[in-house]
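Structural features, examined
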Amino acid sequence: MVINKDKQVDQLTGILSVTSFERDVRELIDSHPDKVFAIVELDINRLTMINELYGLSEGDNLLRYMGSTLRDVLRDVEDSSCARIQADLFVFACPYDEKVIENIITLIEHSIRRYSLMLNIDILVSFGIYKCVKPELEVALMRDRAKMALKTVKGNYIKHFAYYDEKMHDKIVREQEITQNMNHALKNREFVVYFQPKHSLDDESIIGAEALVRWNSPQKGMISPGEFVPLFEENGFIMKIDTFVWEESCKFIRKSLDAGLPIKPVSVNVSRINLYNPELCEILNSLVKEYNIPYEMLELEFTESAYTDNPQLMLQTMNTLQQMGFKVEMDDFGSGYSSLNMLKDVPVDVLKIDLRFLDKSEDSEKATAIVSAVVRMAKWLGISSIIEGVETKEQISFLKSIGCTMVQGYYFSKPMPQDDYIEYIKKYSMIEKSGKQPHLDTAYIDISPDAFWKNVEEHENDLTALFSAYALYEMYDGVEETIRTSESYYELFHTNRNEHYENRGSSRLRVYEEDRPLVGAMLEQAGTGKGVGEAVFRRMCHDGSIVWIHAKAKLLGMNGKSKVFFVGLNDVSRYINSIPNM
Ligand code: C2E
Ligand code: MG
Ligand code: MG
């Protein structure tokens, strides 16, 4: 690859400018009619973040680095050329050979990975490849096609490159139509807000709803947000759509309050793009003021993957909104790539976990273990959790067995127009008054751990007369875990809540090895569901002391492989220690 002196060069990177590149490629194609060429566009995904975190000069360094990487990698590739198009978008051309191209891609990725490690930031490069099957096509149009392919993998952590195909072209045409019509559609009131109810699992009552936008196009019918939201996020129109949905939701809340409906909070989605809107908090604040509704009636859903884009900004925005009085939800938790660890830093009130993300997982046992671990962890952190995408009775039973209390999904209802939601609220409030339960099958598990715990707390006096401490355990795959405990439980084992949960999972191991079969037998007996299991065993406390425990266990409910037990505990050390030779 040779860069000719009289060609226009990109000032920053020293490689060709786009006009010279296009001329270069035209020449290459015309002078080699026997060869098929490829155009590959590539994009660095994290440049904005690098500019913000490390400053523009670091961003420039990265672009220069990419320029020299391309030059180095293509040096020995005959009939190749490369250029910087603009910002973080680059392009190269070479004779079409999938092996060669994919090898070039790997080399570029390796080089960028080295740079990533230096900055300690995950820099992602995406590639779109167009095979120039029509040599007469303008090079600019060939680039467009490579870009279409690029768009399909942009931001994708698993798939880094894609080849152009005709379907992509049709999709782009449809996207262009959407973009052309969006402003008119908003004015024409073609966007409508649907509401999807959220339910309590304890008594099935409505605890709120999520507002979801729909585009009711006179030409194309109902268009789902999956088709236009990503597009509007790209062109910024999502800010207008979001504001529209927020205002419609506020109007709905005001209307329902005025009508004396037993209305519950409505949550609205806040696009990741809105995080960059300096007026975001002010817009939300003034809407709530304008419609004179309590802050807690409008909940805000932020998608978890936005956190990966810009953690600081997300944290700061959520903090401000929370201080104003809004409740903040983390939507699609588990879909992004942030770690569970972030929960201790991010001020969220509610975690929303989508079961459908887990459906994709091949190992469903693992998936259910993940949901229960996240629900429990949220509980310890004092964060509520709601599960969405709940469709079946089996899922409901499973969620009850792990102590989950709030759900949203087709099992109860699909999103519906405002008037239908009003009717839905009325119907449910009548059911609540009459005390009748709708269609939920509660036979699968006797009682949910949460409902049981409420009951336990009501009868605390009776229970403390019987046991010095008590706990709920879940047994899954032969391993038991503590779900809930009375305050006195920690006293019994000379520990405190934090210490106990830090050492979770090791509860059985703290029982004297030779006494462990006794505990096993107790749970096995209780697990049959016939009567109570009982055992006396020695258990080591966190401070190293040993107590003799008399325990009674009763099965509360089961779901597949998981069983939930109530266990009452008494310290009987002083009786046993008074018996000689024990
Ligand atoms: P989301 O915020 O996670 O919303 C939940 C989506 O799951 C909704 O899809 C809902 O209809 C769907 N859903 C709920 N329960 C079930 C179920 O049991 N089974 C199945 N298969 N699906 C269920 P929808 O309405 O198509 O919205 C998709 C996404 O579009 C939303 O995901 C959200 O990210 C975005 N979106 C929707 N409305 C807005 C909006 O007003 N603003 C912004 N920024 N994004 C929106
Ligand atoms: Mg949502
Ligand atoms: Mg969601």
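Predicted model only: the values in this text are computed from it and were never measured.

1. A few points about the coordination of the magnesium ion (ligand 3)
Here the magnesium ion (ligand 3) is held by the protein donor atoms Asp331 (OD), Asp332 (OD) and Glu388 (OE), which lie 2.0 to 2.3 Å from it. The distance between the magnesium ion (ligand 3) and the magnesium ion (ligand 2) comes to 4.0 Å, with Asp331 serving as a donor to both metals. Here Asp331 is found in strand β11 (residues 327–333), whereas its partner Glu388 is found in strand β13 (residues 384–388), with 57 residues between them in sequence. In this structure Asp331 comes out as buried when scored by relative accessible area, which is 6%. Residue classification places Glu388 among the buried residues on the basis of a relative accessible area of 8%.

2. Thoughts on helix α14 (residues 393–401)
Burial runs high along α14: 7 of the 9 residues are buried. Buried within α14 we find Gln395, Ile396, Ser397, Phe398, Leu399, Lys400 and Ser401.

3. A short note on the pattern of salt bridges
The full count for this structure, using the stated rule, is 26 salt bridges. A salt bridge links Lys198 to Glu299; its shortest N-O distance comes to 3.8 Å. Of the two residues, Lys198 sits in strand β6 (residues 191–200) while Glu299 sits in strand β10 (residues 298–303), which places them 101 residues apart along the sequence. For the pair shown, Lys198 and Glu299 are each scored as buried. The salt bridge partner of Asp258 is Arg254, with a shortest N-O separation of 2.8 Å. Here Arg254 and Asp258 lie together in helix α8 (residues 238–258), a separation of 4 residues that amounts to about one turn. On the accessibility criterion, Arg254 (22% relative accessible area) is partly exposed.

4. Some details on the coordination of the magnesium ion (ligand 2)
Surrounding the magnesium ion (ligand 2) are the protein donor atoms Glu210 (OE), Asn269 (OD1), Glu301 (OE) and Asp331 (OD), at 2.0 to 2.3 Å. All donors of the magnesium ion (ligand 2) come from a single chain, and their spacing in sequence reads E-x58-N-x31-E-x29-D.

5. Looking at the pairing of β13
For β13, the buried fraction is high: 4 of the 5 residues fall into the buried class. One ladder, built from 5 bridges, connects strand β12 (residues 350–354) with β13; its direction is parallel. Among the inter-strand pairings, Val350 is bridged to a residue of β13, identified as Ser384. For β13 and strand β14 (residues 406–408), the ladder comprises 3 bridges, and the chain directions are parallel. Considered in β14, the bridge of Ile387 is made with Val407. Each parallel crossover has a hand, and for β13 linked through α14 to β14 it is right-handed.

6. Quick look at the environment of Leu399
Relative to the helices and strands, Leu399 resides in helix α14. Leu399 sits in the buried class, given a relative accessible area of 0%. Sequence separation between Leu399 and Leu201 is 198 residues; the distance between their C-alpha atoms is 8.6 Å. Sequence-distant contacts of Leu399, that is, excluding residues within four places in its chain, are made with Leu201, Leu355, Val371, Ile387, Val390, Cys404 and Val407.

Each value, and the rule that gives it
Residues numbered from 1 in each chain as written. Chains lettered and ligands numbered in written order. Predicted model: local features only at pLDDT ≥ 70, side-chain atom pairs only at ≥ 80, totals over all residues. Heavy atoms only, no water. Donors = N, O, S within 2.8 Å, 3.2 Å for Na, K, Ca; no water. Helix = DSSP H or I, 4+ residues; strand = E, 2+ residues; numbered from the N terminus. Buried < 20%, exposed > 50% of the residue type's maximum accessible area, 1.4 Å probe, protein only. Salt bridge = Lys/Arg side-chain N within 4 Å of Asp/Glu carboxyl O. Pairing = 2+ DSSP bridges. Right-handed = clockwise from strand over helix to strand, strands pointing away. Contact = heavy atoms within 4.5 Å.

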